[in-house]
Amino acid sequence: QQLSLRIYGVDTPEKSWRAECESEAKHGEAASEFTTRRIKAAQKIRISIYKWDKFGGRVLGDILIDGESLRKLLIEKGFAREYYGDKKESWCTE
């Protein structure tokens, strides 16, 4: 059985047709690739579930990759911004 997890407290750029511009789509792909690489290279993965997402069907939480928070890594590397439901900043730089 699968469970969808949304990383709590971050806004990441959209990919593909969901992106508002080409720049956002590229940033979204880079964020996904970074996440996939880190998870595949991990020795130990731990999932922290905080609560159910307001839309249902997925949970909010974090992934600890070899003891490091994915949320923190995404923000530090510029692949995400802190987000707690306020107005989102555009990822488009064009």
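Residues numbered from 1 in each chain as written. Predicted model: local features only at pLDDT ≥ 70, side-chain atom pairs only at ≥ 80, totals over all residues. Heavy atoms only, no water.

J.: Can you tell me about the state of the cysteines, naming the residues and giving the values?
T.: The tally for this structure, following the rule as stated, stands at one disulfide. A disulfide bridge connects Cys21 with Cys92, and the sulfur atoms are separated by 2.2 Å. Judged by the torsion about the S-S bond (-115°), the Cys21/Cys92 disulfide is left-handed. Taken together, the residues Cys21 in the loop between strand S2 (10–11) and helix H1 (22–41) and Cys92 in the segment after strand S6 (81–82) connect sequence positions 71 residues apart. A relative accessible area of 23% places Cys92 in the partly exposed class. (Disulfide = S-S within 2.5 Å. Helix = DSSP H or I, 4+ residues; strand = E, 2+ residues; numbered from the N terminus. Buried < 20%, exposed > 50% of the residue type's maximum accessible area, 1.4 Å probe, protein only.)

J.: Explain the packing of aromatic side chains to me, using residue names and the numbers behind them.
T.: Inspection of every chain in the model, using the stated rule, returns three aromatic pairs. Between Tyr8 and Tyr50, the aromatic rings sit 5.5 Å apart at their centres with planes inclined by 90°, giving edge-to-face as the arrangement. Taken together, the residues span a long stretch of sequence, with Tyr8 in the loop between strand S1 (4–7) and S2 and Tyr50 in strand S3 (residues 45–52) at a distance of 42 residues. Residue classification places Tyr8 among the partly exposed residues on the basis of a relative accessible area of 30%. Cluster of aromatic residues (ring-pair linked, three or more members): Tyr8, Tyr50 and Tyr84. Positioned over the ring face of Trp91 is Arg81, at 3.7 Å from the centre of the ring. The residue whose ring lies beneath Lys88 is Tyr83, and the NZ or CZ to ring-centre distance is 5.0 Å. (Phe/Tyr/Trp six-rings, centres within 6.5 Å; stacked < 30°, edge-to-face > 60°. Lys NZ or Arg CZ within 6 Å of the ring centre and 35° of its normal.)

J.: Which residues make up the environment of Thr93, and what values do they have?
T.: Structurally, Thr93 is set in the segment after S6. Its relative accessible area of 65% is what places Thr93 among the exposed residues.

J.: Residue-level account of the nonpolar core, with values.
T.: With 12 residues, the main nonpolar core is built from Ile7, Val10, Ala31, Phe34, Ala42, Ile63, Ile65, Leu70, Leu73, Leu74, Phe79 and Ala80. For this core, the secondary-structure elements that each account for two or more residues are H1, strand S4 (58–65) and helix H2 (70–76). Sorting elements by how many residues they give to this core places H2 first, with three residues. Ignoring sequence-local partners within four residues, the contact set of Leu73 consists of Phe34, Arg38 and Glu68. (Core = buried A, V, L, I, M, F, W, Y, C linked by side-chain atoms within 4.5 Å. Contact = heavy atoms within 4.5 Å.)

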